[in-house]
Structures are given as structure tokens and as C-alpha cells.
Amino acid sequence: MADDLILYTNPMSRGRIARWMLEETGQPYKTEILDYASTMKAPAYLSINPMGKVPALRHGDVVVTETAAICAYLADAFPQAALAPPPGDRLRGPYYRWLFFAAGPVEASISNKALGFVVPQERERMIGYGRIEHVMRALEGAVSRRNYLVGDTFTAADVYVGSAIGYGLMFGTIEKRPAFEQYWQRISARPAAIRAKGLDEGLMPRQQAAS
Ligand SMILES: N[C@@H](CCC(=O)N[C@@H](CS)C(=O)NCC(=O)O)C(=O)O
């Protein structure tokens, strides 16, 4: 069908975040599982995402890559799910702010930390995130404000930022501060989050057996 949704993913990847977002929308979608070593680097998939990375989303003839973009796109494509402040609403400001903050400074600082890369103090001004301690301070403030990041309702920003926090806590790249743990407990208990996790966990043995 022209408007079919297809998620290209691997159960051990950021594709889990995109699946959670899809589950939040309540829309039917198909899943195409790609293998890291083979199908993800094959011409058929490179024509969808030239980066050879997952996730990617196809919606009819539109392709979206980058997990944060997929979350934002789905929220706008299915406004009936109320997962974003409507275009023109001033809450669109903090909504974009935290989505981009997580895709930029949070992701870069956590990745660098995981690799043991420390920004020399005299170069902090030229690095977008500056210092990871400052990123964490801003993030802690954002999740401590209310139950959700933007206004009083759950949005796609919570899916994306929350996942960064959840995986960070799990992999030890984010400090176990009470504000992070409480926020993550709250949003990961959502039915769509639990459903998405179950679906990917269910694909793990098949994935491992195949590799
Ligand atoms: N910036 C991308 C990162 C995607 C990414 O790095 N995905 C990893 C899995 S979590 C991947 O596909 N790695 C395969 C590879 O690089 O070969 C996003 O946010 O979606």
C-alpha cells in the first residue's frame, strides 16, 4: 500500500527507539530486520540509507533516517496520537530544544566518554557539548522539571531523550542520578515501551542463531 510504514532495524540497535515511537503512534507497520555484517551493507539497503546504519523508516515513498528525525517525523505524521505540540505552538520550542540536545550534545558526549576520549579543557569552546558534566547538568534539569520534558504531556522528545538516558544508565555511560532513574522508570513503564521491548527481545534469539 502507498502509505505502508516499514521499519528497517536490528533488535540490538537504536532501532528499538524507533520501534517504541511506532508503538506509541498505534499505527500498523512492517519490520525488516537487517544483519550488521551483510544486509545492512548491501546495495539494496544502502539505497535507503547510504550510511549502512539502522534504523531507517519508509513511509510510502518517503525515507527518514536518524532516530531523532524518525521520532519527530512520526509525531507529525500521526497528530491524532498527540505526541508533539502542534506546529505553531510555542511548546514546539522546548520540544525541538530537547530533541536536538539529545541528538547532538548528549549523544556526542556519551559516545566520547564510552571511548575514553576527554576534551582538553582549552578546546571545550570549540566542541559543541563543551564538557560532559555540563551536558548532564542540563539534562538533569530538563527531566526534573515535571513528569515530562515538554509541557505536561508525553511527547516524541521523551521517547528519544528518555531512551538516551535509559541506555546510558544500562551501559554505565550516564551516572545513576535519582532524577534520571525516576524519569526513566516513569516513561519506560508505558504500554508502548513495554510492547516495543518485548517485540525486539523476541527477535534476539533468532538474530543470534542467524549470526
Ligand atoms: N545517527 C544515527 C546512528 C545510527 C547508528 O549508529 N546505528 C548503529 C546501530 S545502533 C548501526 O547501524 N551500526 C552499524 C554500522 O555502523 O555498521 C541515528 O541516530 O539513527
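Below is a short write-up of the structure. (Residues numbered from 1 in each chain as written. Predicted model: local features only at pLDDT ≥ 70, side-chain atom pairs only at ≥ 80, totals over all residues. Heavy atoms only, no water.)

Examining the environment of Met136
Link 1 in the chain: Examined against the element boundaries, Met136 turns out to sit in helix α5 (residues 132–144).
Link 2 in the chain: You can call Met136 buried: its relative accessible area is 6%.
Link 3 in the chain: As for Met136 and Ser13, which are separated by 123 residues in sequence, their C-alpha atoms are 23 Å apart. (Helix = DSSP H or I, 4+ residues; strand = E, 2+ residues; numbered from the N terminus. Buried < 20%, exposed > 50% of the residue type's maximum accessible area, 1.4 Å probe, protein only.)

Some details on the pattern of salt bridges
Link 1 in the chain: Taken as a whole and judged by the stated rule, the model has 11 salt bridges.
Link 2 in the chain: Its salt-bridge partner being Arg190, residue Glu24 comes within 2.8 Å of it at the nearest N-O pair. Note that Glu24 is positioned in helix α1 (residues 15–25) and Arg190 in the loop between α7 (178–188) and α8 (191–210), a separation of 166 residues in sequence.
Link 3 in the chain: By relative accessible area, which is 13% here, Glu24 ends up buried.
Link 4 in the chain: The partner of Asp152 in a salt bridge is Arg146, and the shortest N-O contact between them spans 2.8 Å.
Link 5 in the chain: Asp152 gets classed as exposed once you look at its relative accessible area, which sits at 56%.
Link 6 in the chain: Beyond isolated ion pairs, a larger network of salt bridges with shared partners links Glu140, Glu175 and Arg177. (Salt bridge = Lys/Arg side-chain N within 4 Å of Asp/Glu carboxyl O.)

A short note on the sheet that holds strand β4 (residues 62–65)
Link 1 in the chain: The strand order β2-β1-β3-β4 describes an open sheet built from four strands, whose pairing is mixed. Only two strands of the sheet have a single neighbouring strand rather than two, namely β2 (30–33) and β4. In this sheet, neighbouring strand axes are inclined to one another by 20° on average, regardless of whether the strands run parallel or antiparallel.
Link 2 in the chain: Pairing analysis gives four bridges linking strand β1 (residues 5–9) to β2, with the strands arranged parallel. Across the sheet, the residue bridging to Tyr8 is Glu32, located in β2.
Link 3 in the chain: Contacting β1, β3 (56–59) and β4, helix α3 (residues 67–77) crosses the sheet at an angle of about 135° to β4. (Pairing = 2+ DSSP bridges. Axes fitted to C-alpha atoms, helices over the stretch in contact; angles between N-to-C directions. Contact = heavy atoms within 4.5 Å.)

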